Amino acid sequence: MLFDIDKLQEIYGAVRKNKLRTLLTGFSVSWGIFMLILLLGSGTGIENGVKAEFKNFATNSIWVHRGQTSKPYKGLQPGRRIQFTNDDYEEIKSSLEGIERITARFYLWDNNLVTYKNQYGAFNIIACHPDHRYLEKTILADGRLINEIDVEQVRKVATIGTLVKEQLFKDESALGKYIKVNGVPFKIVGVHFDEGSERPLRWLYLPISTAQKVFGGGNRIHALMFTTGKATIEEGRKMERQVREKLAARQNFDVADEKALRIWNGLKRYQKFINLFSSIRIFIWVIGVGTIIAGIVGVSNIMLISVKERTRELGIRKALGATPWSIINLVLTESVLITSFSGYIGLVAGVGVIELAPSHMPVIELFQNPQVDFKAAIGAIILLVAAGLIAGFVPARKAANIMPVDALRNE
Amino acid sequence: MIKLKNLHKTYATGSNELRVLKGIDLNISAGELVSIMGPSGSGKSTLLNIIGLLDTFDSGEYLLDNQIIKRMGERQAAYFRNKFFGFIFQAFNLISFKSAVENVALPLYYQNIRRRKRNTIALEYLDKMGMRDWADHLPGELSGGQQQRVAIARAMISEPKVILADEPTGALDTDTSYEMMDLLKTINQKGVTVIIVTHEHDISAKTARTIRLTDGIIDNHEGL
């Protein structure tokens, strides 16, 4: 039997007698595991932090903003401002393959005066299609969001961000109330919220058709945004290229003119971070494995010394009838018990620090919720114990096979 | 019980070979009380260790209880050391971090006897050696004579057929040495074969038969 009471008592006797040796072995194991846990935890902390940055918009989205031409084209001078219209939106929507959700944007920047009774504030206004919610990952806090019928019927409705609601309505319910945007009354149909960023909380969303009509936009739009579904990076690039080609043909600019359109491809950016994560992960594992190896070397070293120190004792045991296997078994069981116990201590300490540290730390944007991959930690302990076993086996077997007379001569 | 024929043993020390035993012929029957005498370096301890299976030999024949001992497996050797022999050493060889009773009980641990039972038996043997009151003391807290009594109790606990004592009185004063010899004689009278290695004449004089060893050979073939 691997763990009988008798053997445990034999081991307890040896451990109690050799406190320092036991402590050193234990410490090197605990430290190795502790450091590994901290590393893994910080790694996930950074990853979570960066991922949170992506929460406020769809990562598979492509945003197209107007630019200014920088190359002459078909007799046209450079420096021309590109304009989009509703037709561009319709054209892209109907002809570009792979589009999942699409919205145009019509901006009313620069702090529009919004009033409710005697409360007022200056806010930014974004007019859009219903699909906008998927691109901005808008969360509904109350009521409803802008829908197709609002756009079709050119309704004077709006949703307001939670901060807008707080400022204008305080504790009062905003639903169904009328606010005035630059003097024009709009009915509030919903309150929206956003997880990733605070900015949309200070925005008002209007149906794009209403804003164009009421605020003199005609058929102009300022931006096109769409999601690419489950498109790969390659497919996303292809769609980006196609959008550029289509708009170049419609707006008469050189396809190669990078400045005519400002295109932001979320997939590409996301991919960059994904790559960053994998480099960080590789980095952490390299250091982690290094730490573990240092622990293993420590354990092996101490096992060697321990067995050497005990040669005489093991010789006495042999003279009294210990079989080689019982000697190996005794030495290895001791090492397994010490390594797994101290590994556990290191694990608990590491997890403790990871759990407690965030509440005592200043908030860092790119470092959130450090967590430990428990499986990896347990794996590391098993690895350490196994390494201790292998490391202890060679000297243990040597001690077990030495002639008792030689072992007894050892002082 | 123990038959040696033309036994040779050589130690390799660096490039030199040290021939320790140069053809030992020896018969020891059951129930004998034998001493092996000789100056230091004569090979007497080596001979005892080979008899007790603590060491190997190069050539010759060793019959133990009519079994041929030649390159015996370690497992089997362990069994013999545990059941057949009891060892008493000059340096006592008690395990320093174990109490007297735990030291005495250790051979029974290797017979898979339960802890409580083997400690009870160990206490009996300590009692026989007059050491019961020191049962919970560590070896370091005992005098040389007391330690050797504990060692004898340990050698006796597995009820061996042969007691092998290597200079058992070497670290003890004269009075204590004679007490030890009386103990060993008592053990012998109960039918246990006792073989004592010593270089002291007064010790060997207390045994029934003395085998003299010089330079790895038995003088006058008196061993036969």
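First things first, this report covers the structure right here in the doc. (Residues numbered from 1 in each chain as written. Chains lettered and ligands numbered in written order. Predicted model: local features only at pLDDT ≥ 70, side-chain atom pairs only at ≥ 80, totals over all residues. Heavy atoms only, no water.)

1. A closer look at the overall build of chain A
- Along chain A, the regular secondary structure elements total 13 helices and twelve strands.
- When the accessible surface of chain A is split by element, carbon and sulfur atoms take 59% of a total near 20400 Å². (Helix = DSSP H or I, 4+ residues; strand = E, 2+ residues; numbered from the N terminus. Areas by Shrake-Rupley, 256 points an atom, 1.4 Å probe, with all protein chains shown as cover.)

2. What about the packing of helix H8 (residues 233–251) of chain A against helix H9 (residues 266–309) of chain A?
Residues and elements named next belong to chain A.
- Direction vectors running N to C along H8 and H9 enclose 150°, while the axes themselves pass 9 Å from each other. With respect to their mutual orientation, H8 and H9 come out roughly antiparallel. Of the two possible hands of crossing, H8 and H9 adopt the one that is left-handed. The segment H8 lies against H9, with Ile233, Gly236, Arg237 and Glu240 engaging Leu267, Lys268 and Gln271.
- The residue makeup of the contact of H8 with H9, split by class, is two nonpolar, two polar and three charged. (Axes fitted to C-alpha atoms, helices over the stretch in contact; angles between N-to-C directions. Parallel < 35°, antiparallel > 145°, perpendicular 65-115°, else oblique. Left-handed = near helix turned anticlockwise from the far one by under 90°. Contact = heavy atoms within 4.5 Å. Nonpolar A, V, L, I, M, F, W, Y, C, P; charged D, E, K, R; others polar.)

3. Here we look at the side chain of A:Asp257
All names here are of chain A.
- Structurally, Asp257 is set in the loop between H8 and strand E12 (261–265).
- One buried charged side chain, Asp257, makes no salt bridge at all; its nearest oppositely charged neighbour is Lys71, positioned 5.7 Å away.
- Among all residues touching Asp257, those that are not within four sequence positions of it are Thr69, Ser70, Lys71 and Arg244. (Buried < 20%, exposed > 50% of the residue type's maximum accessible area, 1.4 Å probe, protein only. Lys, Arg positive; Asp, Glu negative; His and termini not counted. Salt bridge = Lys/Arg side-chain N within 4 Å of Asp/Glu carboxyl O.)

4. Let's talk about a nonpolar patch on the surface
All names here are of chain A.
- On the surface, a cluster of nonpolar side chains totalling about 350 Å² of accessible area is made up of Trp285, Val289, Ile293 and Val297.
- As for its position among the elements, Trp285 is in helix H9.
- With relative accessibility at 38%, the residue Trp285 sits in the partly exposed group. (Patch = residues over 30% accessible without salt bridge, like charges linked within 9 Å, V, L, I, M, F, W, Y side chains within 5 Å.)

5. A closer look at the pattern of salt bridges
All names here are of chain A.
- The final tally for this structure, using the stated rule, is 23 salt bridges over all chains.
- Ionic pairing is found between Arg237 and Glu234, a salt bridge with its closest N-O pair at 3.4 Å. Here the residue Arg237 and the residue Glu234 both occupy positions in helix H8, the gap between them amounting to three residues, near one helical turn.
- The class for Arg237 is partly exposed, based on a relative accessible area of 36%.
- Of the residues examined, Glu234 reaches a relative accessible area of 52% and is grouped as exposed.
- Each of the salt bridges in this network shares a partner with another, and the network as a whole consists of Arg310, Glu313, Arg317 and Glu334.

6. Some details on the interface of chain A and chain B
- With 24 residues of chain A at the interface, the matching set in chain B holds 29 residues.
- Buried surface at the junction of chain A and chain B, both sides included, amounts to about 2400 Å², of which 60% is carbon and sulfur.
- In terms of surface lost to chain B, no three residues of chain A exceed A:Asp6, A:Leu320 and A:Met403, which account for 24% of the buried area on that side.
- Taken together, the links from chain A to chain B amount to one salt bridge.
- Contributing elements (two or more residues each) for the side of chain A that touches chain B: helix H1 (5–17), helix H10 (311–319), helix H11 (324–356) and helix H13 (404–409) of chain A.
- Top element by residues in the side of chain A that touches chain B is H1(A). It accounts for seven residues.
- When its residues are assigned to classes, the side of chain A that touches chain B shows ten nonpolar, five polar and nine charged. (Buried area = accessible area lost by both parts, 1.4 Å probe.)

7. What about the sheet that holds strand E5 (residues 67–68) of chain B?
All names here are of chain B.
- Reading across the sheet, the four strands line up as E2-E1-E4-E5 and stay open at both edges, with antiparallel pairing between neighbours. Among the strands making up the open sheet, the edge pair consists of strand E2 (16–28) and E5.
- Across the sheet, helix H1 (residues 44–51) lies against strand E1 (2–13), E2 and strand E4 (59–64), angled at about 120° from E1, the strand it touches most. (Pairing = 2+ DSSP bridges.)

8. Description of unusual backbone geometry
Residue and element names in this part refer to chain A.
- Backbone geometry at Lys137 places phi at a positive 50°, although glycine is not the residue there.
- Its place among the elements puts Lys137 in the loop between helix H4 (132–136) and strand E5 (139–143).
- The phi dihedral of Val154 falls on the positive side, at around 50°, and the residue is not glycine.
- Locating Val154 in the fold gives a position in the loop between helix H5 (148–152) and strand E6 (157–161).

9. A short note on the nonpolar core
- B:Leu47, B:Tyr62 and B:Phe85 are the most contacted members of the largest nonpolar core, which has 76 residues in total.
- Element by element, the count of residues in this core is highest for helix H12 (residues 374–401) of chain A, at nine residues.
- If near-sequence neighbours (up to four positions away) are discounted, B:Phe85 is found in contact with B:Ile51, B:Gly52, B:Leu53, B:Tyr62, B:Leu64, B:Phe80, B:Ser158, B:Pro160, B:Val162 and B:Leu164.
- By size, the runner-up hydrophobic cluster in this structure holds 55 residues, among which are A:Leu96, A:Val164, A:Trp203 and A:Ile208. (Core = buried A, V, L, I, M, F, W, Y, C linked by side-chain atoms within 4.5 Å.)

10. So, the sheet that holds strand E3 (residues 33–37) of chain B
Residues and elements named next belong to chain B.
- Judged by pairing direction, the sheet is mixed, and its six strands sit side by side in the order E6-E7-E8-E3-E9-E10 without closing on themselves. Strands with a single pairing partner mark the edges of an open sheet, and in this sheet they are strand E6 (85–88) and strand E10 (217–218).
- Here strand E7 (residues 162–166) pairs with strand E8 (residues 193–198) via five bridges, running parallel. Along E8, the bridge assignment pairs Val162 with Thr193.

11. Structural notes on the pairing of strand E8 (residues 184–193) of chain A
Residues and elements named next belong to chain A.
- With seven of ten residues buried, E8 is to be regarded as a mostly interior element.
- When E5 meets E8, the two strands line up antiparallel, connected through four bridges. Looking at E8, one finds that Asp142 is bridged to Val191.
- As paired elements, E6 and E8 share five bridges and run parallel to each other. In the sheet register, Ala158 faces E8, and the bridge partner there is Ile188.
- Sheet analysis places strand E7 (residues 178–181) next to E8, joined by four bridges and oriented antiparallel. Note that in E8 the partner of Val181 across the bridge is Val184.

12. As for the pairing of strand E11 (residues 223–227) of chain A
All names here are of chain A.
- Counting buried positions along E11 yields five of five residues, so the element is predominantly enclosed.
- Taking every second residue as pointing to the same face, both faces of E11 are buried, with Ala223, Met225 and Thr227 on one and Leu224 and Phe226 on the other.
- Bridge analysis of strand E1 (residues 61–66) against E11 gives five bridges, and the strand direction is antiparallel. Counted as the bridge partner of Ile62 is Phe226 from E11.
- Bridge count between strand E3 (residues 101–116) and E11: five bridges; the pairing is antiparallel. Residue pairing for E11: Arg105 is matched across the bridge by Ala223.

Remember that the coordinates give geometry; whether it matters functionally is a separate question.
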